[in-house]
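Survey of secondary and tertiary structure
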Amino acid sequence: MTNKEKALALIGTFVSGDGDYALACSEGTFGGVPTTYYDLFRVENGFIAEHWDVMETLADKSTWANENGKF
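Right, let's walk through the structure included here. (Residues numbered from 1 in each chain as written. Predicted model: local features only at pLDDT ≥ 70, side-chain atom pairs only at ≥ 80, totals over all residues. Heavy atoms only, no water.)

1. Details of the overall build of the chain
When its secondary structure is counted, the chain shows one helix and four strands. Of the contacts made within the chain by residues no fewer than 6 positions apart, 19% connect residues no fewer than 24 positions apart. Total accessible area on the chain stands at roughly 5,500 Å², and carbon and sulfur atoms take up 56% of it. (Helix = DSSP H or I, 4+ residues; strand = E, 2+ residues; numbered from the N terminus. Contact = heavy atoms within 4.5 Å. Areas by Shrake-Rupley, 256 points an atom, 1.4 Å probe, with all protein chains shown as cover.)

This is how it looks when you write it as structure tokens:
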């Protein structure tokens, strides 16, 4: 696997939509570091009109307050 291929690897996604908005929540890696991704889309006339995203490093499992994870 090349460095470019290791840069982003998604494990799974949760997608929810309401009206013109859709939210995608994913866990994966970024540069080999466990990361969560949140992407919010606004759709207009069948096309993505706006997009917002946040990436956050996933805390080590030993520091979690419960076993639920991010999602």
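From this point, the discussion proceeds with the structure in view.
2. Overview of the environment of proline 34
Note that proline 34 resides in strand E3 (residues 33-44). On the accessibility criterion, proline 34 (41% relative accessible area) is partly exposed. Ignoring any residue separated from it by four or fewer positions in sequence, one finds proline 34 in contact with Gly28, Thr29, Thr57 and Leu58. (Buried < 20%, exposed > 50% of the residue type's maximum accessible area, 1.4 Å probe, protein only.)

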